[in-house]
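Chains, contacts and geometry: an overview
What follows is the residue order along each chain.
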Amino acid sequence: MKKIYLLVFFFGILTSCQDVIEVELNDAPPRLVIEANINILEDGSSLSSLVKLTTTAPFFDNVVPIVEDAIVLITDENGVEYPFEYRGEGLYQGTFLPQEDIDYSLKIIYDDEVYTATTQLQTTATLEYVNQRDDGGFSGEDIELKVFFNDPINEENFYYFTGITEKGTVRSVYNDEFSNGNLNFGYYVVEDLTPGDSVIFNLYGVDEDFYNYMFVLLQQIGGGSGPFDTQPATVRGNIINETNPENYPLGYFRISEVSILNYIVQ
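Everything in this summary refers to the structure shown in the same document. Keep in mind that what you see is a predicted model, and the values were worked out from it rather than measured.

**What to know about empty space enclosed by the protein**
Using the criterion set out here, one finds one cavity of 30 Å³ or more in the structure. Its boundaries defined by the atoms lining it, the largest cavity holds a volume of some 40 Å³. Residue lining of the largest cavity: T119, Q122, V206, D207, F210, Y252, R254 and I255, and that is the complete set. Looking at the lining of the largest cavity element by element, the count peaks at three residues for strand 16 (residues 250–264).

**Notes on the pairing of strand 7 (residues 113–119)**
Within strand 7, six of the seven residues are buried, which leaves it mostly tucked inside the rest of the structure. Where strand 6 (residues 104–110) meets strand 7, seven bridges bridge the pair, whose relative direction is antiparallel. Across the sheet, the residue bridging to S105 is T118, located in strand 7. In textbook terms, the turn of a hairpin is the stretch between consecutive antiparallel strands, and for strand 6 and strand 7 this stretch comprises two residues, one of which, D111, has a positive phi near 55 degrees. As paired strands, strand 7 and strand 15 (residues 240–241) are joined by two bridges and run antiparallel to one another. Its bridge partner lying in strand 15, Y115 is registered against N241.

**Looking at the side chain of S49**
Along the chain, S49 turns up in strand 2 (residues 46–55). Judged by relative accessible area, which is 5%, S49 ranks as buried. Looking at S49, its side chain comes within polar contact range of the main-chain oxygen of F96, at 3.0 Å. Leave out the neighbours within four places in its chain, and S49 touches I38, F84, Y92, Q93, G94 and F96.

**Things to note about a negative patch on the surface**
Taken together, the side chains of E68, D69, D111 and D112 define an acidic patch exposed on the protein surface. Position of E68 relative to the elements: it lies in the loop between strand 2 and strand 3 (71–76).

**Topic: the environment of I109**
Mapping I109 onto the fold places it in strand 6. Sequence separation of I109 and D69 is 40 residues, and the distance between their C-alpha atoms is 9.0 Å.

Basis of the calculations
Residues numbered from 1 in each chain as written. Predicted model: local features only at pLDDT ≥ 70, side-chain atom pairs only at ≥ 80, totals over all residues. Heavy atoms only, no water. 1 Å grid on protein atoms, 1.4 Å probe; cavity = no way out; pocket = protein on both sides within 12 Å on 5 of 7 lines; lining within 4 Å. Points joined across faces, edges and corners; volume = space filled by probe spheres on them. Helix = DSSP H or I, 4+ residues; strand = E, 2+ residues; numbered from the N terminus. Buried < 20%, exposed > 50% of the residue type's maximum accessible area, 1.4 Å probe, protein only. Pairing = 2+ DSSP bridges. Polar contact = N/O pair within 3.5 Å; in protein donor to acceptor, adjacent residues only side chain to side chain. Contact = heavy atoms within 4.5 Å. Patch = residues over 30% accessible without salt bridge, like charges linked within 9 Å, V, L, I, M, F, W, Y side chains within 5 Å. Areas by Shrake-Rupley, 256 points an atom, 1.4 Å probe, with all protein chains shown as cover. Salt bridge = Lys/Arg side-chain N within 4 Å of Asp/Glu carboxyl O. Lys, Arg positive; Asp, Glu negative; His and termini not counted. Charge placed at Lys NZ, Arg CZ, Asp CG, Glu CD.

Interpretation in functional terms is not warranted from these geometric data alone.
As structure tokens, then:
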């Protein structure tokens, strides 16, 4: 009989582990998320003049709330204004072609609060050619791509690099502290890259503040799919809330010249 009682006792322990435990999470008030990335091509023509506005959402929500009723404006140091109009899906578009060595100020009015930031156009180097290896990556069996560019000599430069295919996006940042004036490369390797895949490489000129911001952001996400994945700690950008500094926004205001190179995997 003792054996029977023991079996019943252990069975009770095992079945009791099936109880559902509900965890209550504290939801923080939503913050404005600002993706103000103005890009121009090397020939000086506009690539994109878009500002995307969303808000943060509770952890388990699958929908990102968009902002439809903000006022978005960029003003240069001479007082010339460039209004942005709402185009849907949180996107505001303007007719804006920045010039070098001029301060540009972003102003966003949302929910009776004013958000501002100031920056300048940052130039870039030209992406020139791609070197392909078929025995690269950690496994030694992945296709590895290096896209090369010549860093201008006697200049302090910072870069934001992306490589994009349907198989995955790689993001990284570079500075020329130890390679000023030399040949540099952006590195791209993802699993399952195959001959015939089309890769788009982008090299953006950025300032030191954005370099530091994105460096920390990319360190945090590790193997994440993008820089706006859930972060273990808040990374502050260059945009401030002038009305209520404690209600600071997330995101960054950047104006970049970009070099683009398209490559077909061999």
